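So the chains spell out like this:
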Amino acid sequence: MWAVSPEEFREAFEAFHSAGVLVHVHCNGDQTTQLFLDTLEAILTAHPRPDHRHTCTHSQMSTTAQYKRMATLGACANIFANHIWAWGDQHMDITVGPDRARRMNAAATALRHGVPISLHSDTPVTPLGPLHTMKHAVTRLTVSGRVMGEAERISAQQALEAVTLGGAYMLKMDHEIGSLEAGKFADMAVLSQDPLEVPAEEIGTIHVYGTVVGGRHHTSNVPAPARAGTR
């Protein structure tokens, strides 16, 4: 179901691309991803623009062949990792079946073929929280506890980079934010545990003590959970 016709989409995409604007396209089905790629290739042929970083957002049903093509065209993928947890059981049992479901939100395939990725929650569709989003991409667990496509799991390191540098890269702001490096803003989150050290299933429960943004410290108003042996 097209939100606009493919012809209207091409016209808008070409106008934004020609003006130097970043284009992020909502792509759920694989046919939508195909339209995004066909349109992008045609526009880049007519109006070459190096390092454009146009992005396939959600990239829910994107296939291996489509990820290879994204890499060739210089496109990015902003993957809806929370979707695995929220509707994974329904997709395996009702909508597309287990074979297609296990290849949904294929972050590992994207990375394997050199596509820059980020991960998102699509808030308010699912709650905002990068640590939860990391956990979903690393474990690919559904609400019932099943693993939806073990081969598409990514490492905690890859997930952490996706929710930090990945998003910054897609906004062409990776020279300013996304990592703590000389010359960048010193914005950061202060966590109770290292997300690279805890079991994958526990990444989403790490407490955020606060943040530092623009040189100001902001303390979390959510109380830290009590640890064993303490009160």
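The rules behind the values
Residues numbered from 1 in each chain as written. Predicted model: local features only at pLDDT ≥ 70, side-chain atom pairs only at ≥ 80, totals over all residues. Heavy atoms only, no water. Core = buried A, V, L, I, M, F, W, Y, C linked by side-chain atoms within 4.5 Å. Buried < 20%, exposed > 50% of the residue type's maximum accessible area, 1.4 Å probe, protein only. Helix = DSSP H or I, 4+ residues; strand = E, 2+ residues; numbered from the N terminus. Contact = heavy atoms within 4.5 Å. Pairing = 2+ DSSP bridges. Axes fitted to C-alpha atoms, helices over the stretch in contact; angles between N-to-C directions. Parallel < 35°, antiparallel > 145°, perpendicular 65-115°, else oblique. Left-handed = near helix turned anticlockwise from the far one by under 90°. Nonpolar A, V, L, I, M, F, W, Y, C, P; charged D, E, K, R; others polar. Patch = residues over 30% accessible without salt bridge, like charges linked within 9 Å, V, L, I, M, F, W, Y side chains within 5 Å. Areas by Shrake-Rupley, 256 points an atom, 1.4 Å probe, with all protein chains shown as cover. Salt bridge = Lys/Arg side-chain N within 4 Å of Asp/Glu carboxyl O. Phe/Tyr/Trp six-rings, centres within 6.5 Å; stacked < 30°, edge-to-face > 60°. Lys NZ or Arg CZ within 6 Å of the ring centre and 35° of its normal.

S.K.: Honestly, the nonpolar core in this entry has me stumped. Any pointers?
M.R.: Within the largest apolar cluster, 37 residues are counted, with the highest numbers of intra-cluster contacts made by Phe36, Ile117 and Leu119. The leading source of residues in this core is helix H2 (residues 30-46), at six residues. The contact partners of Phe36, leaving out residues within four places of it in the chain, are Phe9, Phe13, Val25, Cys27, His54, Thr55, Cys56 and Ala75.

S.K.: So what exactly am I meant to see when it comes to the sheet that holds strand S6 (residues 208-213) here?
M.R.: Pairing between the strands of a sheet comes from backbone hydrogen bonds, and it takes one of two forms, parallel or antiparallel. Reading across the sheet, the three strands line up as S5-S6-S7 and stay open at both edges, with antiparallel pairing between neighbours. For this open sheet the edge positions go to strand S5 (188-191) and strand S7 (216-219), each flanked by a neighbour on one side alone. Across the sheet, the mean angle from the axis of one strand to that of its neighbour is 20 degrees, orientation sign disregarded.

S.K.: Can you walk me through the side chain of Thr33 in this structure?
M.R.: Checked against the element boundaries, Thr33 lands in helix H2. With relative accessibility at 0%, the residue Thr33 sits in the buried group. Setting aside anything within four residues of it in sequence, one finds Thr33 in contact with Cys27, Cys56, Ser62, Gln66 and Met70.

S.K.: Before we go on, may I ask you to explain the packing of helix H1 (residues 6-18) against H2 in this structure?
M.R.: A pair of packed helices is captured by two measures, namely the crossing angle of their axes and the spacing between those axes. Relative to each other, H1 and H2 sit at 45 degrees, their axes nearing to 10 Å. Overall, the two elements H1 and H2 adopt an arrangement that is oblique. Considering the relative orientation of H1 and H2, their crossing is right-handed. The segment H1 lies against H2, with Pro6, Phe9, Arg10, Phe13, Glu14 and His17 engaging Leu35, Phe36, Thr39, Leu40, Ala42, Ile43 and Leu44. In terms of residue class, the contact of H1 with H2 is made up of nine nonpolar, two polar and two charged.

S.K.: Would you take a moment to explain a nonpolar patch on the surface for this structure?
M.R.: A surface patch of nonpolar side chains, about 350 Å² in accessible area, is lined by Leu180, Met188, Val190 and Tyr209. With respect to the helices and strands, the residue Met188 is situated in strand S5. For Met188, a relative accessible area of 34% translates into the label partly exposed.

S.K.: What is the right way to look at the sheet that holds strand S1 (residues 24-27) in this model?
M.R.: The sheet built from four strands is open, its strands ordered S1-S2-S3-S4 with parallel pairing. The sheet is open, and its two edges are formed by S1 and strand S4 (117-119), each paired on a single side. Recorded for the sheet is a direction-independent mean angle of 25 degrees between the axes of neighbouring strands. Where strand S2 (residues 55-58) meets strand S3 (residues 76-79), four bridges bridge the pair, whose relative direction is parallel. Within S3, the residue paired with Cys56 across the bridge is Ala77. The strands touched by H2 within the sheet are S1 and S2, with S1 carrying the most contacts at an inclination of about 155 degrees. Each of S1, S2, S3 and S4 touches helix H8 (residues 156-170); the most contacted strand, S4, lies at about 115 degrees to it.

S.K.: What's the story with the pattern of salt bridges in this structure? I'm lost.
M.R.: Proximity of charged atoms lets side chains of opposite charge pair with each other. This structure, assessed with the given rule, holds twelve salt bridges. The residue Arg10 makes a salt bridge to Glu14 at a minimum N-O spacing of 3.3 Å. Of this pair, Arg10 and Glu14 both sit in helix H1, four residues apart, which is roughly one turn of that helix. A salt bridge links Asp38 to Arg69; its shortest N-O distance comes to 2.8 Å. With Asp38 in helix H2 and Arg69 in helix H3 (residues 64-73), the pair connects residues that are 31 residues apart, well separated along the chain. Each member of the salt-bridge network shares a partner with another, and the members are Asp38, Glu41 and Arg69.

S.K.: Mind showing me how you'd approach the packing of aromatic side chains here?
M.R.: How two aromatic rings sit relative to each other is set out by the distance from centre to centre and by the angle between their planes. The tally for this structure, following the rule as stated, stands at three aromatic pairs. A ring pair is formed by Phe9 and Phe13, whose centres lie 5.5 Å apart and whose planes are at 70 degrees; its orientation type is edge-to-face. In this pair, Phe9 and Phe13 are both assigned in helix H1, four residues apart and thus about one turn of the helix distant. Considering the side-chain rings of Phe80 and Trp87, the 6.4 Å spacing of their centres and the 65 degrees angle between planes classify their relative orientation as edge-to-face. The exposure class of Trp87 is partly exposed, given its relative accessible area of 30%. Among the aromatic residues, those joined into a cluster by ring pairs are Phe9, Phe13 and Phe36. The ring of Tyr169 has Arg53 lying over it, and the distance from NZ or CZ to the ring centre is 3.9 Å. The aromatic ring of Trp85 is capped on one face by Lys135, whose charged end is 4.3 Å from the ring centroid.

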